Amino acid sequence: MMVTLKDQLSREKPWAILGITRKKYDTIKPWKKAGMSKEKYAEMLNLMPHEAMQILKDEADAEILVESIFGSRE
């Protein structure tokens, strides 16, 4: 399947989907933690419904907040 320039331009950047800067994205390398190539990880993010991504972001924010209030679980 051939990807057109229009398709490439219409996709959101993976760091924008995650709500972080490109510099932070390149520093933390989330695709490596997920065991994927950088391209496959970006493709997966673009296929994920925006609502699902928002739920994941909310859960991560809540976890950070709880940890900052009560300390680490370990």
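Computed from a predicted structure; not experimentally measured. (Residues numbered from 1 in each chain as written. Predicted model: local features only at pLDDT ≥ 70, side-chain atom pairs only at ≥ 80, totals over all residues. Heavy atoms only, no water.)

(A) Local environment of the nonpolar core. Among the nonpolar cores identified, the biggest contains 7 residues, and these are Trp15, Ile17, Tyr25, Trp31, Tyr41, Leu45 and Met53. At the level of secondary structure, the elements contributing two or more residues to this core comprise α2 (14-18) and α5 (38-47). (Core = buried A, V, L, I, M, F, W, Y, C linked by side-chain atoms within 4.5 Å. Buried < 20%, exposed > 50% of the residue type's maximum accessible area, 1.4 Å probe, protein only. Helix = DSSP H or I, 4+ residues; strand = E, 2+ residues; numbered from the N terminus.)

(B) Spatial organisation of a nonpolar patch on the surface. Together, Leu65, Val66, Ile69 and Phe70 line one region of the surface with nonpolar side chains, adding up to about 440 Å² of accessible area. Among the structural elements, Phe70 can be located in helix α6 (residues 50-70). Phe70 sits in the exposed class, given a relative accessible area of 65%. (Patch = residues over 30% accessible without salt bridge, like charges linked within 9 Å, V, L, I, M, F, W, Y side chains within 5 Å. Areas by Shrake-Rupley, 256 points an atom, 1.4 Å probe, with all protein chains shown as cover. Salt bridge = Lys/Arg side-chain N within 4 Å of Asp/Glu carboxyl O.)

(C) Main features of the layout of surface pockets. Here the largest pocket is characterised by a volume of approximately 490 Å³. Considering the residues around the largest pocket, the lining is formed by 16 residues, among which Leu18, Ile28, Pro30, Tyr41 and Ala60 are closest to the centre. Looking at the lining of the largest pocket, the element that brings in the most residues is α6, giving 6 residues. For the lining of the largest pocket, a count of residues per class yields 11 nonpolar, no polar and 5 charged. Roughly 370 Å³ of volume is contained in the second largest pocket. Tallied by class, residues from the lining of the second largest pocket come to 4 nonpolar, 2 polar and 9 charged. (1 Å grid on protein atoms, 1.4 Å probe; cavity = no way out; pocket = protein on both sides within 12 Å on 5 of 7 lines; lining within 4 Å. Points joined across faces, edges and corners; volume = space filled by probe spheres on them. Nonpolar A, V, L, I, M, F, W, Y, C, P; charged D, E, K, R; others polar.)

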